[in-house]
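# Survey of secondary and tertiary structure
Listed here are the chains, written in short residue letters.
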Amino acid sequence: MRPRRHRGAAGEPEAACQYTVLALDQLERTWYATGMDRVREVRQALVAHQHEQCVRELDERLYDWSTTVSALAR
């Protein structure tokens, strides 16, 4: 499932976060770099909403991803 891109992210932050979490769930099962690039694009589009709870929760999830990827790279 593709996360909603810029238009949806900027206008509907909660929906964008929900779709992005679904995309991360899918990436856990089937990794592909383009999918992670799209997740990062959506997160960048959410900068104006970074104070909202859904965006903070998404940031926590992305931090977990970064930690996992760093551990695997060692």
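Attention in this report is confined to the structure presented alongside it. Only a predicted model underlies this, so the values are computations on that prediction, with no experimental measurement involved.

Tracing the backbone through its elements, the reader meets Glu-52 in the loop between helix H3 (33-45) and helix H4 (53-73). A sequence separation of 38 residues divides Glu-52 from Glu-14, and the C-alpha atoms of the two residues are 8.7 Å apart.

What tends to happen in soluble globular proteins is that the nonpolar side chains get buried as a cluster. Core analysis: the biggest nonpolar cluster contains 16 residues, and Leu-24, Val-39 and Leu-46 have the highest contact counts within it. Elements supplying a minimum of two residues to this core: helix H2 (13-29), H3 and H4. In this structure, Leu-24 is in contact with Met-36, Val-39, Leu-58, Arg-61, Leu-62 and Trp-65, ignoring residues within four places of it in sequence.

Let us now look at the environment of Asp-59. Within the secondary structure, Asp-59 sits in helix H4. With 16 residues separating them along the chain, Asp-59 and Arg-43 place their C-alpha atoms 8.3 Å apart.

Another point: H2. Between its terminal C-alpha atoms H2 stretches 25 Å, which fits the 24 Å expected from 17 residues at 1.5 Å a residue. Inspection of H2 places Pro-13, Ala-15, Ala-16, Cys-17, Thr-20, Ala-23, Leu-24 and Leu-27 among the buried residues, and these make up the whole buried set.

With that settled, the discussion passes to the state of the cysteines. Counted under the stated rule, the structure contains 0 disulfides. The thiol sulfur of Cys-17 is not disulfide-bonded, and the nearest other cysteine sulfur, from Cys-54, lies at 3.3 Å.

Turning our attention to the pattern of salt bridges. Enumeration over the complete set of coordinates arrives at 4 salt bridges. Between Arg-40 and Asp-37 there is a salt bridge, with the nearest N and O atoms lying 3.5 Å from each other. Linking Arg-40 with Asp-37, this pair stays in helix H3, spanning 3 residues, or about one helical turn. Asp-59 is the salt-bridge partner of Arg-43, the closest N and O atoms lying 2.4 Å from each other. A residue pair is termed long-range when its members are at least 10 positions apart, and Arg-43 in helix H3 and Asp-59 in helix H4 qualify at 16 residues. Residue class for Arg-43 comes out buried when judged on its relative accessible area of 13%. A relative accessible area of 28% means that Asp-59 is categorised as partly exposed.

About the criteria used
Residues numbered from 1 in each chain as written. Predicted model: local features only at pLDDT ≥ 70, side-chain atom pairs only at ≥ 80, totals over all residues. Heavy atoms only, no water. Helix = DSSP H or I, 4+ residues; strand = E, 2+ residues; numbered from the N terminus. Core = buried A, V, L, I, M, F, W, Y, C linked by side-chain atoms within 4.5 Å. Buried < 20%, exposed > 50% of the residue type's maximum accessible area, 1.4 Å probe, protein only. Contact = heavy atoms within 4.5 Å. Expected span 1.5 Å × (residues − 1). Disulfide = S-S within 2.5 Å. Salt bridge = Lys/Arg side-chain N within 4 Å of Asp/Glu carboxyl O.

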